[in-house]
There are 2 protein chains.
Amino acid sequence: MRMSAKERLVVIGGDAAGMSAASQARRMRGPDELEIVAFERGHFASFSACGIPYWVSGDVDGRDRLIARTPEEHRARDIDLRMRTEVTEIDVAAGRVRARDVDSGAESWTSYDKLVIATGARPVRPDLPGFDAPGVHGVQTLDDGQALLDSLTRARGRRAVVVGAGYIGVEMAEAMVKRGYEVTVVDRGEEPMSTLDPDMGRLVRRAMEGLGITMAGGAEVTKVLTGDDGRVRAVATEDAEYPADVVVLGIGVRPETALARAAGLPLGAHGGLLTDRAMRVRGHENVWAGGDCVEVLDLVSGQQRHIPLGTHANKHGQVIGTNAGGGYATFPGVVGTAVSKVCDLEIGRTGLRERDADRVGLRFETVTVESTSRAGYYPGASPMTVKMLAERRTGRLLGVQIVGREGAAKRVDIAAVALTAGLTVEQMTALDLGYAPPFSPVWDPVLVAARKAAAKVRDSAP
Amino acid sequence: MRMSAKERLVVIGGDAAGMSAASQARRMRGPDELEIVAFERGHFASFSACGIPYWVSGDVDGRDRLIARTPEEHRARDIDLRMRTEVTEIDVAAGRVRARDVDSGAESWTSYDKLVIATGARPVRPDLPGFDAPGVHGVQTLDDGQALLDSLTRARGRRAVVVGAGYIGVEMAEAMVKRGYEVTVVDRGEEPMSTLDPDMGRLVRRAMEGLGITMAGGAEVTKVLTGDDGRVRAVATEDAEYPADVVVLGIGVRPETALARAAGLPLGAHGGLLTDRAMRVRGHENVWAGGDCVEVLDLVSGQQRHIPLGTHANKHGQVIGTNAGGGYATFPGVVGTAVSKVCDLEIGRTGLRERDADRVGLRFETVTVESTSRAGYYPGASPMTVKMLAERRTGRLLGVQIVGREGAAKRVDIAAVALTAGLTVEQMTALDLGYAPPFSPVWDPVLVAARKAAAKVRDSAP
C-alpha cells in the first residue's frame, strides 16, 4: 500500500468500463486528491466495439467515428492513460501491478491504493485447422475491423462465410451483404440467434434468406481450407464445404480473466470475475471490476451470467468510478435485454427463454401473437411477432422476444422495465402505453401478448 | 328488472368502449345465456376516431379503412346493434332505457338486466359568432371527416385555420399541410401542445414553423367571419384576423354525460361518470361505464381525470365485458401517456407536467437533456430532448416528456411502465434497456435523463 497523501487509482483496460470508471472517478475527485493511471495494451481506448459491423458495412464513415474519446482527451482530463502497455501481473497483497510496454518490452511495477479491473473479453477462436489463415477475421477490436477491411481488398472473389449466427454473426452477415458479398452463415444451432427461442429464431432465418443470405444451421465447423497461396478458400463442416474468399468469426467471447485468476481473485462458473452490487471484487475492499470481464446477476433467474455488452460496461464504469471516488452507487443486475437488426428486420429480447426458465426450475406458459407496428390502416404498418413467457400461478412476466420491422426491437424496453419491477402479465394488460395510429395499434402488440398470456395463466390455474 | 331466464345486456354507444364491452361479454357468454342490445345514434360503429386526421391528410385511403368492424359483423356475432338509434333516457329504477329511431322519430323502451354506458364525448364548440358557418368543421366522427373533405372541394382558396393546438389540432395542421394548405394554428396558450410543459411545447412550435405552419399563440378566438355567401372567410382574435377558406376545430371534448346526469348517476368534477376499479358506476351494481364518458384515476397524482383516448376506451370495454359477462377484471387507472407526431417530429409524454405536480402539492426536480436517437456515429441519428420530473426526497419518477424524431414518441413507454411500478429515478439509472448502435446511444436518452435527475435529487437533499 502506498503511503503518500494523494491516493492512486489504477485502471487495467482502457475501453468502456475502464475509462468510464476513470472519468467518473475524476469527476468525483480532482487531480489534487486522486491520481489516475490507466493501462491499455491496444492502439485504441474508449471505442465502440458494437459499431464495428456498421463500419465494415460502410454505414459508418471511418474508424475514427467509433472512438468516443481519444487518449489525448483523457489525458487532458488528468487521466494518465498509457497506451500499448499491457498489465502482466496483479500483486494484490502488495497493491501493485506489473506493466509491460508492448513495443519496447520494458516492464515496471506501479502501486495502487485502488484498482479497477476492466480487461474485457477475448474472442472465442476455435482450435481447429486453418483458423489462423489469412482471410479469417475476428471483429472485436478496431484493429480487427481494419484488418478485415484490408483483407477484403485482397480477397479473390465475393463469397463470405460468417461462422456463428449470434448478434455479431448476424450483424456481420448484413455488413457483408451490404459490401456486395454472397454470404453464408454457419452455426451449430438449427436457427440463428440462439438468444431467442428456436421458433423466433426461425423468423430471423427466413428474413435472412429473404436477403439472399444462406443459413447453414446445425453445422459444426471442422476446419478452414486454404488455397495454394495460404489464404482461406473454404470453410468445412462435417457434411459440406462452403467456398469462402473471406471468413468472419462471430462466435462470441469469454471473459478475459487470466490476470485475475493468477492473482487469486474470485471467478464464477462462466469464468468472469465475481463482484458485489457496488462492483467491488468479492472479498477485496479496494478492487473493483466491470465490463466484459465480470459476471452479472440476472434479476429474473437469480443466476450469475456473462453478458458482454457496451451498455452494461458503461454502467459498471459509472458505478465503479462513483464508489472509487468515495461516493456510493450500485449495479443491481440485468434482465438480459438485447436488440439487433438484419437490414430492416428488428430483433429484441429480454428476460428468460424457455430453456432458461426450464434450467432454473420455473414452470411457465408461453404465448406468441401476431400484431402490427402501427394501426393496421396506417401506411407502413408492418407485421410484428411477440412471444411472451409468464410464470405459472404467479403470472410473473419471465421474458419477451419480438421480431418485426420498424419499432419492434425497442418495444422490448417495455418488458425490460416490467421485468425489473416484477410485474405480472395481468398487471401488464393495464399498462398505459403510448397510442396513436402512426405508432401502434389501439392495443400495443406487447399488450396483446400480455392479455393472451394472462388468460393462459388463469386457464392453467390448478 | 326483467324476469326472463335469459339476461339482457344493453349498451349505449356503439364505438370503442361500447362495442369492446359487447364483444367481450359475448366471448364470455353465448347468446343462449345473454342477449346483447347496443344502441348507436350515428351512422358508424367501431371506428377509429384517432385515424381521422390521417384520412383527411390522404395517408389513409378511404373512410372504410377506419372501420374496425361493421354493424353486420357485430350482428353476425349475435350482438343486436341498432344503428341510428339514440337513447334519450335511462330509467335506472326500472332498469330500462328509452330509445328513438333517429330517422322515423319512433320511441320505445328496452329493459335491461345489465347496462353499459359508453356515450363518449362531445366536441367543445365555442359559443361564439360564426362557429356554425359552412366551412367550420369538427373532426370527432367519420361524418365530420367526410363533411370536412367535401368542404375542401368547395373552399375558395387554400388557407386553413386550425383552432386549438392540442393533439387533434396539431395532427390536423399536419393533415392540412399535406393537403397543400397554408395553415395557421390559433391557440390561447403561448405554445402548442399544452399537455407538455411550455419549454417542451416550444420545440414543437419550432418544428411546426419549420414546416411552414404559422403558430398564433396566446390568442383568444373571438369570432368566425363569413363572406357574402355565408361561408367562413376568416377567424378573428382580439388582436388579429386570420383569413381562412376552411376552419378545423381541435379544441377538445367533454364527457357526453347528459343522459347519465339526468338519470342521477354520479359525475365527477370534469363531468365524467365516476366508476370503481371494475368500471362499475359508483353505487350501481349492474351499470358499467367506460370510454370517453368516464373519469379515470391518475395513478401518479391520485386525482380523477378525463382522458379521451381510444386505447383507454378499448381497455375499459374489455374490463366491462368481462365483468358484465360474469368474470372479473379491473382497470387500475392511467399514468397519462400520449404520443403524437407532426410530420417527422415525434412527441411523447407521460405522467405529470410541472403544473400538475404543483397542483397536487408535490415538490419536484426537473432536468432536460439532449441526446440522440441512435449512436452518434450511426447514420440517421437525430436529436432527442428528454425532460424528466422526479419527486424531491423520494426520487420517485413523476413524469417524462420527449420531443425528437424517429424513436422519440414510443420511448415514453419506458417511463410509463416505470411510473406504473413506482420506480425512482435512481432505480431507473440501472434499467437494462435495449442497446445497439442503430437503436440507441450506449446510454439511452431516458437513462441519461434519469442519471441527471437522480443526481439533482441527491444534491437537493435537505
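Counting restarts for each chain, with residues numbered from 1 along the sequence as it is written. Lettering for chains starts from A, numbering for ligands starts from 1, and both go in the order in which the items are written. The predicted nature of this model means local features are confined to residues of pLDDT at least 70 and side-chain atom pairs, given and counted, to a pLDDT of 80 or more, with totals for whole chains, interfaces and linings taken over all residues. Excluded from the side-chain calculations are hydrogens and water; all other atoms, namely the structure's heavy atoms, are used.

Points about helix 8 (residues 310–324) of chain B
Residues and elements named next belong to chain B. Think of it this way: any DSSP run of H or I at least four residues long counts as a helix, any run of E at least two long counts as a strand, and we number them from the N terminus. Each helix should span, by expectation, one fewer than its residue count multiplied by 1.5 Å. Across its 15 residues, helix 8 extends 20 Å between first and last C-alpha, which sits within 8% of the 21 Å expected from 1.5 Å per residue. A large share of helix 8 lies buried, amounting to 15 of its 15 residues. At the exit of helix 8 stands Gly-326, carrying a positive phi of roughly 100°. Residue exposure (1.4 Å probe, protein chains only): buried if accessible area is under 20% of the type maximum, exposed if over 50%, otherwise partly exposed.

Remarks on the UniProt feature "domain: Pyridine nucleotide-disulphide oxidoreductase dimerisation" (unreviewed entry) in chain A
UniProt positions are given in the numbering used here, feature names are shortened, and annotations may be inferred rather than shown by experiment. In the numbering adopted here, UniProt assigns the feature "domain: Pyridine nucleotide-disulphide oxidoreductase dimerisation" (unreviewed entry) to residues 340–442 of chain A. For the annotated span residues 340–442 of chain A, helix accounts for 19% and strand for 35% of the residues, and the straight-line distance between the end C-alpha atoms is 26 Å.

Quick look at the interface of chain A and chain B
Each partner contributes residues to the interface: chain A has 57 residues there, and chain B has 57 residues. For the pair chain A and chain B, the summed buried surface comes to about 4,800 Å²; carbon and sulfur atoms form 65% of the total. As used here, buried area is the combined drop in accessible area, with a 1.4 Å probe, of two parts when they are placed together. The three residues of chain A that bury the most area against chain B are Tyr-377, Asp-432 and Phe-439 of chain A, which together make up 17% of that side's buried surface. Take a side-chain nitrogen of Lys or Arg and a carboxyl oxygen of Asp or Glu: if they are within 4 Å of each other, that pair is a salt bridge. Viewed at the interface, chain B and chain A are joined by two salt bridges. We call two N or O atoms a polar contact when they sit within 3.5 Å, provided that within protein one can donate a hydrogen and the other can accept it, with sequence-adjacent residues counted only if both atoms are side-chain atoms. Taken together, chain A and chain B are joined by 24 residue pairs in polar contact (both at pLDDT 80 or more). Residue assignment for the side of chain A that touches chain B shows that the elements contributing at least two residues are helix 8 (310–324), strand 21 (338–342), helix 10 (412–421) and helix 12 (445–459) of chain A. In what follows, a contact means two residues having at least one pair of non-hydrogen atoms within 4.5 Å.

Overview of the domain arrangement of chain A
All names here are of chain A. An automatic or database domain assignment supplies the residue ranges for each domain. Assigned domains of chain A: these are domain 1 (7–122 + 254–324), domain 2 (125–251) and domain 3 (338–459). Relative placement of domain 1 and domain 2: their C-alpha centres are 30 Å apart. Taken together, the contacts link 15 residues of domain 1 with 15 residues of domain 2. In this assembly, domain 1 packs against domain 2 so that about 1,400 Å² is buried in total across both faces, 67% of it on carbon and sulfur atoms. When the buried surface of domain 1 facing domain 2 is broken down by residue, Pro-53, Trp-55 and Val-56 rank first, second and third, together holding 40% of it. At the surface where domain 1 touches domain 2, the tally comes to one salt bridge. With its nearest N and O atoms 2.8 Å apart, the salt bridge here joins Asp-59 to Lys-178. Taken together, the links from domain 1 to domain 2 amount to four residue pairs in polar contact (both at pLDDT 80 or more).

Quick word on the nonpolar core
We define a nonpolar core as any set of buried Ala, Val, Leu, Ile, Met, Phe, Trp, Tyr and Cys residues linked to one another through side-chain atoms lying within 4.5 Å. Residues Met-388, Leu-397 and Met-428 of chain A together with Met-388, Leu-397, Val-425 and Met-428 of chain B are the most contacted members of the largest nonpolar core, which totals 84 residues. If sequence neighbours within four positions are ignored, Met-388 of chain A has contacts with Glu-365, Thr-366, Val-367, Leu-397, Gly-399, Val-400, Val-425, Met-428, Val-446, Ala-449, Ala-450 and Ala-453 of chain A.

Side note on the environment of Ala-25 of chain B
All names here are of chain B. Mapped onto the elements, Ala-25 comes out in helix 1 (residues 16–28). Expressed as a C-alpha distance, the spacing of Ala-25 and Gly-325, which sit 300 residues apart in the sequence, is 4.6 Å. Beyond its immediate chain neighbours, meaning those up to four positions away, Ala-25 contacts Leu-9, Leu-34, Ile-36 and Gly-321.

Observations concerning the sheet that holds strand 15 (residues 241–243) of chain B
Residues and elements named next belong to chain B. When DSSP locates at least two bridges between a pair of strands, those strands are taken to pair. With respect to topology, three strands assemble into an open sheet ordered 13-14-15, the strand pairing being antiparallel. Lying at the two open borders of the sheet, with one neighbouring strand each, are strand 13 (221–226) and strand 15. When strand polarity is set aside, the average angle formed by the axes of neighbouring strands in this sheet is 25°. Sheet topology places strand 13 next to strand 14 (residues 232–237); five bridges connect them, and they run antiparallel. Across the sheet, Val-221 pairs through a bridge with Thr-237, a residue of strand 14. An axis is simply a line fitted to the C-alpha atoms; with a helix, the fit covers only the stretch in contact. Between two such axes, the angle follows the N-to-C directions and lies from 0 to 180 degrees.

Overview of the pattern of salt bridges
Tallying each qualifying case throughout the model produces 80 salt bridges over all chains. Its salt-bridge partner being Glu-365 of chain A, residue Arg-392 of chain A comes within 2.9 Å of it at the nearest N-O pair. With Arg-392 of chain A in the loop between strand 24 (383–391) and strand 25 (397–404) and Glu-365 of chain A in strand 23 (residues 364–372), the pair connects residues that are 27 residues apart, well separated along the chain. We note a salt bridge from Asp-91 of chain B to Arg-96 of chain B, for which the minimum N-O separation is 3.0 Å. For Asp-91 of chain B, a relative accessible area of 17% gives the class buried. According to the relative accessible area criterion, Arg-96 of chain B is partly exposed, its value standing at 30%.

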